[in-house]
Amino acid sequence: MSFDYDLFVIGGGSGGVRAARISASEYGAKVALAEEYRMGGTCVIRGCVPKKLMVFASGFPGAVADAQAYGWDATIGAFDWPAFRGRLDTELDRLEGIYRAGLDRAGVTVFDSRATLVDAHTVQLADGDTVTARHILIATGGTPVVPEKWRDMGVMTSNEVFLMDRLPKSILIVGGGYIASEFACIFNGLGVKTTQFYRGAQILRGFDEEARGHISDEMCANGVDLRLGTDILEMERREDGTTWVKSTTGHDATYDAVMFATGRRPNTDGLGLDALGLELGRGGAIPVDKYSQTAVPSVFAVGDVTDRANLTPVAIREGHAFADTVFGGKPTYFDHGLIPTAIFTQPEFGTVGLSEEEARDKGPINVYAAAFRPMHSLFAGRQARALMKLIVCARSDKVLGCHIVADHSGEMIQLAGVAIAMGATKADFDRTLAVHPTMAEELVTMRTLTRSWGD
Ligand SMILES: Cc1cc2nc3c(=O)[nH]c(=O)nc-3n(C[C@H](O)[C@H](O)[C@H](O)COP(=O)(O)OP(=O)(O)OC[C@H]3O[C@@H](n4cnc5c(N)ncnc54)[C@H](O)[C@@H]3O)c2cc1C
């Protein structure tokens, strides 16, 4: 049977673009890709990249306050959102262009169109045209979820936040995950009066509990009005564009803007998966095996649409492994077991491996933890504290997890991740010479056992 293409990729985000490019340029496959919005996907257009640039922007008032403490005659004026937004748009256009050029160089045919599945080898474009392919890769990502009753109240999600015309004076952020917490810190840093509601007992569910508590304390100390165990009870959009909110704890206030970061769901609505007889998993995720193959042999799926670990480098690895497996003749899969990652709250959180709670359930462990005031902020007269933590297997001495709450901990955890991926033991950390004076030296100088669990 002949097909128009060897591969048709639906979705031009991190996973789809990598899979398309490698399949075409390294393995000579004839590839097409459809993208319905903007090339680069969530990470580039409305996720990691614009968010990190906002994180940078929000750090300047603190840096100037520190500069004063260090003896500089420094002051900071108002933040000009339209000016920032203009530069941001230009930068995102530039990055989108790089993604397009990469696909073009690899010989991938791009359709600027929505695509849906008709059958196991056929895709339909928005204009009704159909295209056939030996393999179809679904890489449609995810989308933010807002509880239905608040959807028509003019609230923002991370999709709209980068498109704001002006910076609000006050904002309510609803949610306790990493996106909600990062944006609470961003707005707070930009001088916006920031309130965060989270219905659970502590933000950043799923991460090391000590680190969660530490971050939440620091966020509050920095000025975020974080209200745990709190949800929205009533909400009303006012004529002047503000929003009145009554919380489940009885408190009420009016906010200039409300942002929901209450979770994301896989982008599978209306994709035609029912025609293939594919049963979806929790929240609409596409179930796949370790090679990202669905129950329909010609159809694969990578990235957030599979809801395995929703991070850009994971989507990229899954996309690359797909290309190696299907077109490179090298069966390859990404092992989701050890994922270093960073959360860009202020202070930042770098984490890899098991949390203390997860490790405790698996066997006896030793925990080494140190909370201290780093030199840089201590000198500036700030009370900010950093946290460094190693979780060590009591039997093998292997470091099972490393958790750092400190400025630049994302950079530190990348390297700690290499050591842990190589199976480093606590003794390996101990015999590594400290780099002085740094914060990270604490990781190799923690000799006193903080606590032990198990036999
Ligand atoms: C605010 C925010 C911050 C984030 N920060 C980080 C971070 O700091 N670090 C990190 O690692 N990850 C971060 N992420 C997660 C990261 O962005 C995603 O994990 C990553 O983009 C997933 O890549 P993907 O290829 O699966 O999907 P996406 O990048 O979402 O790409 C999917 C693409 O498919 C397109 N599409 C969907 N349906 C169709 C269709 N039917 N036809 C054609 N095109 C379609 C979409 O328009 C989109 O462009 C963040 C996410 C958000 C929302």
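Let me sum up the structure you'll find in this document. (Residues numbered from 1 in each chain as written. Predicted model: local features only at pLDDT ≥ 70, side-chain atom pairs only at ≥ 80, totals over all residues. Heavy atoms only, no water.)

1. Here's the deal with the site of the ligand
For step 1, the next point in the chain: Around the ligand sit 38 residues in total, of which G15, E35, T42, K51 and D304 are the nearest.
For step 2, the next point in the chain: A distance of 2.8 Å separates an oxygen atom of the ligand from a polar backbone atom of G15.
For step 3, the next point in the chain: Backbone polar atom of T312 to an oxygen atom of the ligand: 3.0 Å apart, as the coordinates give it.
For step 4, the next point in the chain: If the ligand stood free it would expose 1,000 Å²; the protein chains cover 96% of that surface.
For step 5, the next point in the chain: Of all the elements, helix α2 (residues 41-46) adds the most residues to the shell around the ligand, at four residues.
For step 6, the next point in the chain: The residue makeup of the shell around the ligand, split by class, is 14 nonpolar, 16 polar and eight charged. (Near = heavy atom within 4 Å. Polar contact = N/O pair within 3.5 Å; in protein donor to acceptor, adjacent residues only side chain to side chain. Areas by Shrake-Rupley, 256 points an atom, 1.4 Å probe, with all protein chains shown as cover. Helix = DSSP H or I, 4+ residues; strand = E, 2+ residues; numbered from the N terminus. Nonpolar A, V, L, I, M, F, W, Y, C, P; charged D, E, K, R; others polar.)

2. Quick word on the packing of aromatic side chains
For step 1, the next point in the chain: Tallying each qualifying case throughout the model produces eleven aromatic pairs.
For step 2, the next point in the chain: Relative to F379, the ring of Y70 lies with its centre 4.6 Å away and its plane at 45°, an arrangement referred to as tilted. Here Y70 is found in the loop between α4 (60-69) and α5 (81-105), whereas its partner F379 is found in helix α11 (residues 375-379), with 309 residues between them in sequence.
For step 3, the next point in the chain: On the accessibility criterion, F379 (56% relative accessible area) is exposed.
For step 4, the next point in the chain: One aromatic cluster is present, formed by F79, W81 and F84 through successive ring pairs.
For step 5, the next point in the chain: In this structure, K30 is placed above the aromatic ring of Y5, and the distance from its NZ or CZ to the ring centre is 5.1 Å.
For step 6, the next point in the chain: Note that K426 overlies the ring of Y368, its terminal NZ or CZ placed 4.2 Å from the centroid. (Phe/Tyr/Trp six-rings, centres within 6.5 Å; stacked < 30°, edge-to-face > 60°. Buried < 20%, exposed > 50% of the residue type's maximum accessible area, 1.4 Å probe, protein only. Lys NZ or Arg CZ within 6 Å of the ring centre and 35° of its normal.)

3. Here's the deal with the side chain of D66
For step 1, the next point in the chain: Within the fold, D66 resides in helix α4.
For step 2, the next point in the chain: D66 sits in the buried class, given a relative accessible area of 7%.

4. Points about the sheet that holds strand β20 (residues 386-393)
For step 1, the next point in the chain: Across the sheet, which stays open at both edges, the six strands sit in the order β17-β18-β21-β20-β19-β22 with antiparallel pairing between neighbours. Since the sheet does not close on itself, it has two edges, and those belong to β17 (341-343) and β22 (451-453), each with one partner. Neighbour to neighbour, the strand axes of the sheet diverge by 15° on average, direction disregarded.
For step 2, the next point in the chain: Pairing of strand β19 (residues 365-372) with β20, which is carried by eight bridges, proceeds in the antiparallel orientation. Each residue of the ladder has a partner; that of Y368, found in β20, is L390.
For step 3, the next point in the chain: Running at roughly 175° to β20, helix α8 (residues 209-221) makes contact with β18 (349-353), β19, β20, β21 (399-405) and β22 of the sheet.
For step 4, the next point in the chain: The sheet strands contacting helix α12 (residues 409-421) are β17, β18, β20 and β21, and the helix crosses β21 at an angle near 175°. (Pairing = 2+ DSSP bridges. Axes fitted to C-alpha atoms, helices over the stretch in contact; angles between N-to-C directions. Contact = heavy atoms within 4.5 Å.)

5. Brief notes about a nonpolar patch on the surface
For step 1, the next point in the chain: A cluster of nonpolar residues, F56, F60 and I76, forms a patch on the protein surface that exposes about 320 Å² of accessible area.
For step 2, the next point in the chain: Summarising the element assignment, F56 is placed in helix α3 (residues 48-58). (Patch = residues over 30% accessible without salt bridge, like charges linked within 9 Å, V, L, I, M, F, W, Y side chains within 5 Å. Salt bridge = Lys/Arg side-chain N within 4 Å of Asp/Glu carboxyl O.)

6. Examining the nonpolar core
For step 1, the next point in the chain: Among the nonpolar cores identified, the biggest contains 42 residues, and M54, V161, I171, I173, F183, F187 and M259 are the most heavily contacted of them.
For step 2, the next point in the chain: When contributions to this core are tallied by element, the ones reaching two or more residues are α2, α3, α5, β8 (170-174), α7 (178-189), α8, β14 (257-260) and β17.
For step 3, the next point in the chain: In terms of residue count, the dominant contributor to this core is α7 (six residues).
For step 4, the next point in the chain: When near neighbours in sequence (up to four residues on either side) are disregarded, F183 contacts K51, M54, V161, F162, I173 and M259. (Core = buried A, V, L, I, M, F, W, Y, C linked by side-chain atoms within 4.5 Å.)

7. Some remarks on the pattern of salt bridges
For step 1, the next point in the chain: The full count for this structure, using the stated rule, is 23 salt bridges.
For step 2, the next point in the chain: One salt bridge connects E218 with R385, and the closest N-O pair in it is separated by 3.7 Å. Taken as a pair, E218 in helix α8 and R385 in the loop between α11 and β20 lie far apart in primary sequence, 167 residues in all.
For step 3, the next point in the chain: Residue R385 is classed as partly exposed on the basis of its relative accessible area of 32%.

8. Comments concerning the sheet that holds strand β11 (residues 232-237)
For step 1, the next point in the chain: Taken together, the three strands give an open sheet; going across it, the order is β11-β12-β13, and neighbouring strands pair in antiparallel fashion. Each edge of the open sheet is held by one strand with a lone partner, namely β11 and β13 (252-255). The mean angle between the axes of side-by-side strands here comes to 20°, regardless of whether they run parallel or antiparallel.
For step 2, the next point in the chain: Direction of pairing for β11 relative to strand β12 (residues 243-247): antiparallel, over a ladder of five bridges. From the neighbouring strand, E236 faces β12, where its bridge partner is W244.

9. Concerning the state of the cysteines
Two cysteines form a disulfide when their sulfur atoms are joined by a covalent bond.
For step 1, the next point in the chain: Overall, the coordinates contain zero disulfides when judged by the stated rule.
For step 2, the next point in the chain: Unpaired in this structure, C43 has its nearest cysteine sulfur neighbour in C48, at a distance of 3.2 Å.
For step 3, the next point in the chain: Look at C43 and you get buried, because its relative accessible area is 10%.
For step 4, the next point in the chain: With no disulfide partner, C220 has as its closest neighbouring cysteine sulfur the one in C185, 9.7 Å distant.
For step 5, the next point in the chain: Taking the relative accessible area as the measure of exposure, C220 reaches 35% and is therefore partly exposed. (Disulfide = S-S within 2.5 Å.)

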